[in-house]
Amino acid sequence: MSQETQAFSCKMCGHCCKGKGGIVVSPSDLKRLCTTLRMEEEEVIRQFGEYVGTKLKIRVGEDGYCIFFREGKGCIVHEGKPSICKAWPFFRGNIEDPVSLHLAKDFCPGIPKEISHADFAAQGKRYLQENGLLDGVVLPAAEDFACYQQHIPGVLCDTRLDAVAGDSRIGT
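Residues numbered from 1 in each chain as written. Predicted model: local features only at pLDDT ≥ 70, side-chain atom pairs only at ≥ 80, totals over all residues. Heavy atoms only, no water.

Chemist: Run through empty space enclosed by the protein, naming residues and quoting values.
Modeler: Under the counting rule described, the total for this entry stands at 2 cavities of 30 Å³ or more. Reported here for the largest cavity is a volume of approximately 40 Å³. Contributing to the lining of the largest cavity are Val 25, Leu 30, Leu 33, Val 44, Ile 45, Phe 48, Gly 49, Leu 56, Lys 57 and Ile 58. Elements that contribute at least two residues to the lining of the largest cavity include exactly helix 1 (27-37), helix 2 (41-48) and strand 2 (55-58). In the lining of the largest cavity, the residues fall into 8 nonpolar, 1 polar and 1 charged. (1 Å grid on protein atoms, 1.4 Å probe; cavity = no way out; pocket = protein on both sides within 12 Å on 5 of 7 lines; lining within 4 Å. Points joined across faces, edges and corners; volume = space filled by probe spheres on them. Helix = DSSP H or I, 4+ residues; strand = E, 2+ residues; numbered from the N terminus. Nonpolar A, V, L, I, M, F, W, Y, C, P; charged D, E, K, R; others polar.)

Put into structure tokens, the structure is as follows:
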């Protein structure tokens, strides 16, 4: 019996922690951060957050990385980090779309190049369910994915584009 390739193993490189404006903090995220940091909400918001309109977001440092990222250590609030961070790289686009996963593999060294889209999607959905990160989101079954292998060399797919040709739900 062959061992399943693990869909993701964090290398603590920080690629997913770089960039401004992406980490929205939900009320449950804020409570988790407060518990982890042993601080009151107002203090966490003052030291680490910023409002963009009505949305609370995690600030980034002058280096462009999340204020909680430390090179060589990763996230210093790992247990309390926001749900969006916990979900990486199992974002809906990567689970639903082989092309999106292909791009994520180029971006993130923690996603093995050899993992098939179907295996990644199955492990991702399982991870999201086991960690309570779906919140009512319905993800399609693996057999509903269309393959773009003809159009992007190197994308590993488990279904063939011609198998879905003529399916009116899929634009070809």
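Chemist: Account for the layout of surface pockets, with residues named and values stated.
Modeler: Taken as a whole, the largest pocket encloses approximately 860 Å³ of empty space. Taken together, 41 residues form the lining of the largest pocket, with Cys 16, Cys 17, Lys 81, Cys 85 and Trp 88 sitting closest to its centre. Looking at the lining of the largest pocket element by element, the count peaks at 3 residues for helix 3 (residues 83-87). Grouping the amino acids of the lining of the largest pocket by side-chain chemistry returns 24 nonpolar, 9 polar and 8 charged.

Chemist: Got a sec to walk through helix 5 (residues 98-107)? Specific residues and values, please.
Modeler: Among the residues making up helix 5, those that are buried are Pro 98, Val 99, Leu 101, His 102, Ala 104 and Lys 105. Where helix 5 starts, the residue carrying a side-chain oxygen 3.1 Å from the main-chain nitrogen of Val 99 turns out to be Asp 97. (Buried < 20%, exposed > 50% of the residue type's maximum accessible area, 1.4 Å probe, protein only. Polar contact = N/O pair within 3.5 Å; in protein donor to acceptor, adjacent residues only side chain to side chain.)

Chemist: Any details on the nonpolar core? Residues and values, ideally.
Modeler: Phe 8, Phe 90, Ile 95, Ile 111, Phe 120 and Leu 128 are the most contacted members of the largest nonpolar core, which totals 16 residues. Secondary-structure elements contributing two or more residues to this core are helix 5 and helix 6 (117-130). The element contributing the most residues to this core is helix 6, with 3 residues. Setting aside anything within four residues of it in sequence, one finds Phe 8 in contact with Trp 88, Pro 89, Phe 90, Cys 108, Gly 110, Ile 111 and Pro 112. Among the nonpolar cores identified, the runner-up in size contains 15 residues, and Met 39, Val 44, Leu 56 and Phe 69 belong to it. (Core = buried A, V, L, I, M, F, W, Y, C linked by side-chain atoms within 4.5 Å. Contact = heavy atoms within 4.5 Å.)

Chemist: Can you lay out the packing of aromatic side chains for me, pointing to particular residues and giving the numbers?
Modeler: Aromatic rings considered in pairs are described by the distance between their centres and by the relative angle of their planes. This structure, assessed with the given rule, holds 7 aromatic pairs. Residues Trp 88 and Phe 107 carry aromatic rings whose centres are separated by 5.9 Å and whose planes lie at 85° to one another, so their mutual orientation is edge-to-face. Remark: Phe 107 occurs in helix 5 and Trp 88 occurs in the loop between helix 3 and helix 4 (92-96); sequence separation between them is 19 residues. Trp 88 sits in the buried class, given a relative accessible area of 14%. On the basis of an interplanar angle of 40° and a centroid distance of 5.3 Å, the ring pair of Phe 90 and Tyr 127 is categorised as tilted. Residue Phe 90 is found in the loop between helix 3 and helix 4, and its partner Tyr 127 is found in helix 6; the two are separated by 37 residues along the sequence. A relative accessible area of 7% means that Phe 90 is categorised as buried. Grouped by ring-pair contacts, the aromatic residues Phe 8, Phe 90, Phe 120 and Tyr 127 constitute a single cluster. (Phe/Tyr/Trp six-rings, centres within 6.5 Å; stacked < 30°, edge-to-face > 60°.)

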